[in-house]
Structure formats: structure tokens, C-alpha cells
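Here is how the chains run, residue by residue.
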Amino acid sequence: ARSFAHRLEGLPAPATIEMARRARELRAEGRPVISLALGEPDFPTPPAVVEAAHAAALAGQTKYPPVDGTPALKAAIARKFARENGLDYAPDEIMVSNGGKQVIFNAFMATLNPGDEVVVPTPYWVSYPLIARMFGAVPVFVPCREEDGFRLDAEAVAAALTPKSRWLVLNFPNNPTGAVLAAEDLQAIAAVLRQYPDVWILSDEIYEHLVFDGVRSASLAALAPDLKDRIITLNGVSKAYAMTGWRVGFAGGPKDLIAAMRGVQGNTTSGVCTIAQAAAAAALDGPADLVREMAATYGQRRQKVVDALRRIPGLTCAMPEGAFYAYPGVAGCLGRTSAGGARLETDNDFALAFLDEEYVATVPGSAFGHSPYLRLSCATGEADLMEACQRLERFVGNLR
Ligand code: PLP
């Protein structure tokens, strides 16, 4: 047998892969599949952003970029951090990567040794523990409870931190729950972190603009400036500007860590496509109203979806304050049998039977380390969303 690196051993295959495969199969059979599985805006990239990319390509911005980002994009990022987050980052405290995902890869590769612990609140975006494991680190999970609106409790963080902790991951607004932390919640977590000076903090703020009902999402580094030299403030253009395919994410952080991350990136990707960087700069410097309009649309869809879900006996649903997902609980449906004869013991069973029988693809909570739930993406047209909710109501109504 051919052998692969030990670091890939035990990396679980995400439940999403099986769901996606089954959805494709059903579609090929001509079934009316609705997919609420993807975490991707359904809007196009704003035309002015596409034009900036075109202009950059025609103007000859086609050579290798500086590893950590073009000066023009880094300047636009510095302005963004100052304007939107009240954060002052110098050019050598900023780096551009191939998506926010590569920021995390760079940061973890630059800091983690085997046996180190990474504290990850659940439910989590699946990449944090997976990337940590690639470097032999051990994810330590802290549950955020539905009764608390999926907000992270500072005491739970304190209970999870040990002398081996190297990172605390914070992701608010959260994927998959949409929870946002209030300034006082963040301050309480900051107070805990002050007792652990060797812990880095990843503050993943990629959904910051997608917040509803006047809620505001704060940056930890701005609220706790004394911790700023241990915080990586992660952001990107994928979600806010509907630019998932351009692969531009970025981070502000302390100079020494950014330099180490630059070293990792120099040996992996040599930096980010120059044309995509020009597009990202145009997005960040562009008018904010497009982002606000998209956020308002996600907010309206979320309201309708949550209202529909809460009318279904057996389901619960916290109201997301941000991002573009709903995360209903299905505990009340487990132990029962679907109309098609599937016994529902777990949220995986639920998601698969719902797909098989009603042709709606979702992601089971197990994929986010927090069961039994389903994640429904509201980055989907309203007609499909409402139809999916009706099918869910029928599916649950038919359980025996
Ligand atoms: N952080 C969170 C919470 C996400 O959900 C995602 C994408 O799904 C990312 C970061 C990374 O996005 P990208 O690599 O496209 O910047």
C-alpha cells in the first residue's frame, strides 16, 4: 500500500461530502433538489469590483506579487481596519492570503507544535480543528449552548484553557449559528485571556458586516488593546462582497507573528493572485451600501426562515443575529421514523433522510461538532428557502 503523511491520519471526512454526493445523484435522477448546504453568497460579485480586476490585468499587474500582499491592497486593508474596526495596523502588521482559510493555515503552521491545544468553541466552522490537527495539535472544544443564544461563556473558556493551550478561536458572527458577542461578553473573555499570556487569539470576523436588527459586531483587538499583540484579526472579502471565488482573505496581527506567517506563505503559495488583490482593494474602498443591501436581504430571509421553523412542532431555533445561516435543533425528532422508513437516531440520519425523501440538502450539526442540529444556508433565493421550509414541515409532520 502507498503511504501518506502521519499528519493526515485521523482527519475525518466531513459529513458534507456524503451529502453533496447524494444531492448530485438525486439531481442527476431529475429530482427537484434544493441545496441549503453551501456557505456561499448567492449574489454576484459587484460589477465595479470585476471592472477593477479587468483594469488591473490590462494595466500589467500580472507579475509575482509581494508574498504578503500588494502595497495597494495592504493600504486599503489598513484603511478598512481603521474605519470599520477602530484598529490601527501598520503595513508590516497586515498580510493577504488565499482566503481567510490560508490565514488560519499560516498562523497555525507558524505556531503549533504536536500536543499543543487549540480551544475551539462549538459549533465551529469545520476548518479550525482540521487545520490544527494537521500540525499535530489537539482541539479542545467549548460548547456554546442554544439556551444562551449560542454565545460563548467566559467561564467555559476559562475551564478549557490549560498550560498547553496555544490558541483560542473566536468566530462571531458565528458560522453556523449566527451568534454575535456583545462588547461585555468579549470583555469577560478578554479578562480570562489576561491570565493566559501565552495564548494567541484568532478573532475570525469574516461575517462582521452580515448582522441584523441593529446588532453590531465588535473587534476584540479594539475592545482589549492590551491583548492586540496576541490577536490575529481575520477578515476577507468572500462573504461581505460575494467574492468566494477570488480567494482573498487577510489578517492584522503583531509584526513577529505576521512575519512568521509570511514565511509559511512564501513557501506555499508565494502570495495571492494580483488581479484578485486589485479587485479586493476596490471592494474594500467601494461604497458600503451594496454590502448593507445584501446584509438586509439575508436578514429578511433569516426572519422568514426562523418564523417558519419555529412553527414546526419538534424543532427549536435560536434567532441568528448575523451571518447567513439558521441552526435549528432537531432533538425533538430523534428516535422517530420517517415516512420513507428511516430511523432517525442522529442529526446525520435526519439530514440524509430529509435529502432522500424531500430532496433538500442541509448540513448536520455533527459537521460543526454540535448535535443534534441542522444548518440551513439563507444565502439562497427566497422562493427556494420557503419551499424548503414547507418540505421540512411535511417531513417532520410525517414522522412516526
Ligand atoms: N471563516 C469562516 C467562519 C468561514 O465560514 C469561512 C468560509 O466558509 C472562512 C473563514 C474562510 O473563507 P475564505 O477562505 O473564503 O476567506
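Parameters at a glance
Residues numbered from 1 in each chain as written. Predicted model: local features only at pLDDT ≥ 70, side-chain atom pairs only at ≥ 80, totals over all residues. UniProt positions renumbered as here; feature names shortened; annotations may be inferred. Helix = DSSP H or I, 4+ residues; strand = E, 2+ residues; numbered from the N terminus. Near = placed C-beta within 6 Å. Nonpolar A, V, L, I, M, F, W, Y, C, P; charged D, E, K, R; others polar. Domains from an automatic or database assignment. Contact = placed C-beta atoms within 7 Å. Core = buried A, V, L, I, M, F, W, Y, C linked by C-beta atoms within 7 Å. Buried ≥ 20, exposed ≤ 12 C-beta atoms within 10 Å, placed from the backbone. Pairing = 2+ DSSP bridges. Axes fitted to C-alpha atoms, helices over the stretch in contact; angles between N-to-C directions.

- Going by an unreviewed UniProt entry, the protein chain carries the name Aminotransferase and comes from Acetobacter farinalis.
- As recorded by UniProt, the Cofactor (unreviewed entry) comment attached to the protein chain reads in full: "pyridoxal 5'-phosphate".
- Quoted straight from UniProt, the Sequence similarities (unreviewed entry) entry for the protein chain says "Belongs to the class-I pyridoxal-phosphate-dependent aminotransferase family."

Points about unusual backbone geometry
For residues other than glycine, phi is negative in most cases, and the peptide bonds are mostly trans.
Inference 1: A cis amide bond, omega 20°, links Asn175 with the succeeding residue Pro176.
Inference 2: Topologically, Pro176 is positioned in the loop between strand S5 (165-171) and helix H7 (183-193).
Inference 3: Look at Arg247: it is not a glycine, yet its phi comes out positive at around 60°.
Inference 4: Its place among the elements puts Arg247 in the loop between strand S7 (231-236) and strand S8 (249-252).
Inference 5: Of note, Ala323 is a non-glycine position whose phi angle comes to about 60°, a positive value.
Inference 6: Its location among the elements puts Ala323 in the loop between helix H11 (289-310) and strand S9 (325-326).

Overview of the site of the ligand
Inference 1: Taken together, 13 residues sit near the ligand, with Gly99, Gly100, Lys101, Gly236 and Ser238 positioned nearest.
Inference 2: The dominant element in the shell around the ligand, judged by the number of residues it contributes, is helix H4 (residues 99-111), at three residues.
Inference 3: The class makeup of the residues in the shell around the ligand is two nonpolar, nine polar and two charged.

Considerations on the UniProt feature "domain: Aminotransferase class I/classII large" (unreviewed entry) in the protein chain
Inference 1: In the numbering used here, UniProt assigns the feature "domain: Aminotransferase class I/classII large" (unreviewed entry) to residues 32-392.
Inference 2: The distance from the first to the last C-alpha atom of residues 32-392 is 14 Å, and the span holds 39% helix and 15% strand.

Quick notes on the domain arrangement of the protein chain
Inference 1: If you check the domain split of the protein chain, you get domain 1 (6-44 + 290-397) and domain 2 (47-285).
Inference 2: The interface of domain 1 with domain 2 comprises 31 residues on the first partner and 34 residues on the second.
Inference 3: The greatest single-element share of the side of domain 1 that touches domain 2, amounting to six residues, is contributed by H11.
Inference 4: Its residues assigned to classes, the side of domain 1 that touches domain 2 shows 17 nonpolar, nine polar and five charged.

Considerations on the nonpolar core
Inference 1: Leu202, Ala279 and Ala280 are the most contacted members of the largest nonpolar core, which totals 127 residues.
Inference 2: For this core, the leading source of residues is helix H10 (residues 274-285), giving eight residues.
Inference 3: Excluding residues that lie within four positions of it along the chain, Ala279 makes contacts with Val49, Val50, Ala52, Ala53 and Trp246.

Quick notes on the sheet that holds strand S6 (residues 200-204)
Inference 1: Taken in spatial order, the seven strands of this open sheet run S2-S8-S7-S6-S5-S3-S4, and their pairing is mixed. Edge positions in the sheet fall to strand S2 (94-97) and strand S4 (138-143), since each of these pairs with one other strand and no more. With strand direction ignored, the average angle separating the axes of adjacent strands in the sheet is 20°.
Inference 2: Of the pairings in the sheet, the one linking S6 to S7 comprises four bridges and is parallel in character. Among the inter-strand pairings, Ser203 is bridged to a residue of S7, identified as Thr233.
Inference 3: Across the face of the sheet, helix H3 (residues 71-85) comes into contact with S2 and S8 while running at roughly 115° to S2.

A word on the sheet that holds S9
Inference 1: Pairing is antiparallel across the open sheet formed by three strands, whose spatial order is S9-S14-S13. A strand with exactly one partner marks an edge of an open sheet, and here the two such strands are S9 and strand S13 (363-364).
Inference 2: Relative to strand S14 (residues 374-377), S9 runs antiparallel, the two being bridged by two bridges. Each bridged residue has a counterpart across the sheet, and for Tyr325 the counterpart in S14 is Ser377.

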